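So you can see what is in the structure, the chains are spelled out below.
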Amino acid sequence: MSALPVAVTCGEPAGIGPEIAAAAWAELKGDVPMLWIGDPRHLPGGTPIAEIADPAEAVRVCDTALPVFPHRFAGPVTPGTPDLSLAQGVVDAIRIGVDLVRSGSASALCTAPIHKKVLQDGAGFAYPGHTEFLAHLGGDVDVVMMLASDQLRVVPATIHIALSDVPSALTPGRLRRVIETTATGLRERFGIAAPRLAVAGLNPHAGEGGAMGREELEWIGPMIDEIAQSGLDVSGPKSADTMFHAAARETYDAAICMYHDQALIPIKTLDFDRGVNVTLGLPFVRTSPDHGTAFDIAGKGIANPSSMIEALRMAAKMAAA
Amino acid sequence: MHPKLAIIPGDPSGIGPELIAKLLSQDGVTEAADILLVGDAHIWQRGAAQAGCEVTLNTIGEDAIAGFQGLAHLDMQTIAPEDVRIAQTTVAGGTTSLRCLDKALDLAQAGLVHGVLFAPFNKAAMTSAGLNAEDEHRYMARYLGFTGYHSEINVLDDLMTTRVTSHIGLKDVAANIDGPGIERAIELAHATLARSGKTRPHVAVAALNPHAGDNGKFGREEIDVIEPVVKACQSRQMNVTGPWPSDTVFLKAKRGEVDAVVTMYHDQGQIAIKLMGFERGVTVAGGLPIPVATPAHGTAFDIAGQGVANVGATRQAFDLLVRMAGNAAPEVAA
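The rules we used
- Residues numbered from 1 in each chain as written.
- Chains lettered and ligands numbered in written order.
- Predicted model: local features only at pLDDT ≥ 70, side-chain atom pairs only at ≥ 80, totals over all residues.
- Heavy atoms only, no water.
- UniProt positions renumbered as here; feature names shortened; annotations may be inferred.
- Contact = heavy atoms within 4.5 Å.
- Buried area = accessible area lost by both parts, 1.4 Å probe.
- Salt bridge = Lys/Arg side-chain N within 4 Å of Asp/Glu carboxyl O.
- Polar contact = N/O pair within 3.5 Å; in protein donor to acceptor, adjacent residues only side chain to side chain.
- Helix = DSSP H or I, 4+ residues; strand = E, 2+ residues; numbered from the N terminus.
- Nonpolar A, V, L, I, M, F, W, Y, C, P; charged D, E, K, R; others polar.
- pLDDT = per-residue confidence, 0-100.
- Pairing = 2+ DSSP bridges.
- Axes fitted to C-alpha atoms, helices over the stretch in contact; angles between N-to-C directions.
- Buried < 20%, exposed > 50% of the residue type's maximum accessible area, 1.4 Å probe, protein only.

By the naming in an unreviewed UniProt entry, chain B is 4-hydroxythreonine-4-phosphate dehydrogenase PdxA, taken from Aliishimia ponticola.

The name recorded for chain A in an unreviewed UniProt entry is 4-hydroxythreonine-4-phosphate dehydrogenase, from Aliishimia ponticola. Word for word, the UniProt comment on chain A under Function (unreviewed entry) is "Catalyzes the NAD(P)-dependent oxidation of 4-(phosphooxy)-L-threonine (HTP) into 2-amino-3-oxo-4-(phosphooxy)butyric acid which spontaneously decarboxylates to form 3-amino-2-oxopropyl phosphate (AHAP)."

(A) Summary view of the interface of chain B and chain A. The interface is formed by 32 residues belonging to chain B together with 32 residues belonging to chain A. Buried surface at the junction of chain B and chain A, summed over both partners, amounts to about 2,800 Å²; 67% is from carbon and sulfur atoms. When the buried area of chain B at its contact with chain A is split by residue, Leu170, Ile271 and Leu275 of chain B rank highest and sum to 25% of it. Seen at the junction of chain B and chain A, the total is 2 salt bridges. A salt bridge links Asp241 of chain A to Lys274 of chain B; its shortest N-O distance comes to 3.0 Å. At the surface where chain B touches chain A, the tally comes to 9 residue pairs in polar contact (both at pLDDT 80 or more). The leading source of residues in the side of chain B that touches chain A is helix 10 (residues 266-276) of chain B, at 9 residues. When its residues are assigned to classes, the side of chain B that touches chain A shows 15 nonpolar, 11 polar and 6 charged.

(B) Representation of the confidence of the model for chain B in the model. All names here are of chain B. Mean pLDDT for chain B: 95, with 98% of residues reaching 70 or above. Low confidence marks residues 330-334, where pLDDT is under 50. Its contacts with residues over four positions away, or in another chain, come to 7 contacts. For this predicted complex, the interface score ipTM comes out at 0.91, while the overall pTM is 0.91.

(C) Molecular detail of the sheet that holds strand 7 (residues 153-156) of chain A. All names here are of chain A. The 12 strands lie next to each other as 3-4-2-1-5-12-11-6-7-10-8-9, forming an open sheet whose pairing is mixed. In this open sheet, the two strands that pair with only one neighbour each are strand 3 (49-51) and strand 9 (233-238). Put simply, the sheet's adjacent strands are angled 30° from each other on average, direction ignored. Of the strand pairs in this sheet, strand 11 (residues 276-280) and strand 12 (residues 286-289) are connected by 4 bridges, and their pairing is antiparallel. Paired with Val276 across the bridge in strand 12 is Pro289.

(D) Quick peek at the pairing of strand 7 of chain A. Residues and elements named next belong to chain A. Relative to strand 7, strand 6 (residues 144-148) runs antiparallel, the two being bridged by 2 bridges. Across the sheet, the residue bridging to Leu147 is Val154, located in strand 7. The turn joining strand 6 and strand 7, which pair antiparallel and follow one another in sequence, is formed by 4 residues. With 3 bridges joining them, strand 7 and strand 10 (residues 254-257) adopt parallel strand pairing.

(E) The pattern of salt bridges, seen in detail. Residues and elements named next belong to chain B. As enumerated under the stated definition, the model contains 28 salt bridges over all chains in all. A salt bridge links Lys22 to Glu18; the nearest nitrogen and oxygen atoms lie 2.9 Å apart. With Lys22 and Glu18 both in helix 1 (residues 16-24) and 4 residues apart, the pair spans about one turn of that helix. Its relative accessible area of 0% is what places Glu18 among the buried residues. Between Lys171 and Asp172 there is a salt bridge, with the nearest N and O atoms lying 3.4 Å from each other.

(F) Highlighting the UniProt feature "binding site: a divalent metal cation" (unreviewed entry) in chain A. Taken from the UniProt record, the annotation "binding site: a divalent metal cation" (unreviewed entry) applies to His160, His205 and His260 of chain A. What stands out for the annotated residues spanning 101 residues is how far apart their C-alpha atoms range, the widest pair being 23.5 Å apart. Along the chain, His205 of chain A falls in the loop between strand 8 (196-200) and helix 8 (215-229). Residue classification places His205 of chain A among the partly exposed positions, given a relative accessible area of 27%. Among residues more than four places away in sequence, those in contact with His205 of chain A are Met212 and Ser239 of chain A together with His167 and His266 of chain B. The topology assignment puts His260 of chain A in helix 10 (residues 260-271).

Now the structure itself:
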């Protein structure tokens, strides 16, 4: 295990971020050394904490207390009730986390969920989302989103757009970049020397020879062939409905999907609580739980920390790869 | 009612005859229904040999069909034994499939059997033998002279899925989603569940867009088209909910909270169903006046003749047919 801690950002303090971080520490302790960046007042009462001024202290104290790298916010928080005056602190914590990991004081970044609207209204946050902000902090790099669990890794080539916009948003340039960034990410972050990628078709039965959609014939298939000839182990386009059962999953390291639900249906149906969001393409490891701020249950002690725990485990594993 | 079922071998070159032999030797099968095997004696015998099971052919004549009980056999003589080519697509194999299917449908239409189970067909073989239809579902509807709405239903254990669009390009999906189409798919799920014995089934309707459009931010079909249909069905006292984000609606199904999911496009439902139970899925010819079911998998030429085919889906299809055939067709929702 890495001697450096995973830097965990607090995320939206009125959401479930602080409590799932505390619960994840209680579960993992020294198995996955971490430090939590945020205002200790925002953690659930009774959480054993150790405020540290030097990230290097985290590994020593994390068996007995949650190491907190303190960042003072404008005030305390009421779970479930977002407060715009705290928004700047949320953004600052992300910057601090990126600084720690880029300067070599932390092994990886694991981010708790933010609430975009709160940050827009409270801190003038101008990015479409968490990931885009990190891509900026990482040097304005191209990134892709991967959802990963023990059983499956999926990468959607298009994400939060209407289904009717998918065929036009799915351009050859985008698909090629997603395939290449994923392959590089699997090599560099997952330690897979010769990653195997399976590409889903856009249409049912991958178009069935043009009978139900022609994108596979016209460019997806030729592009995959071309990339395969360059030496990458990439196959497809495959019929999406038969590429996710257990035997099929063993034939690849990641599935490249054409749209959000094509990727999210299989991973959530398989591993709802344990899916982790991984950003590939950044100059550092970044994971996050695959859920939102959940204001409706924040502070009630009922939030499920499974995805956060898996995100921390995966961050540490990826940092060691 | 003790149902009477016709069972046909599907394509004789595939795993169908073997599967039926295995089915018949399972516990509880011949007790659950009177079964009429419709097909050539040598096909059934070969299937039994492949499966390593004993199948006793109690061959009866046409005149005895009306009163048959237990396990009986109607000999068809559709293909010479030497023309059966294991793991090959042949016109003769397609002819066997079509002739046995026609006969089983005739018997069902005459009221002599209450449902039809077919082992996997080979579409290419049937097409070369004169299927003359896009698939066997459309063929059966035409053969039965049925002009009402019908559509393939995919079944996994206690979950059914119907879909609003099917074998069309993804770019055409949104334009083909409309209120009447969604309503028909909901009604079909509802009626099929009722026929299988579910009282007050819960039908969940999937959204079209990611996160169900997130309040119109990425797609408005949920607001403009799907929600109004769901509300209209609810006002008819149907237990219908949605639109649900499609990446979590199948978790509800896994937890047993829903009996059917109406999906908007092919892969939305098929990804989840095949992921959850690739070897147990069943296809029902939804909407036809006669219950017809088949395992969802194909002829599996790669393992045909080896005796290793998994009978799970065939058993599921049989059990579902027994339930459907034992219940009268419900009134079609007005």
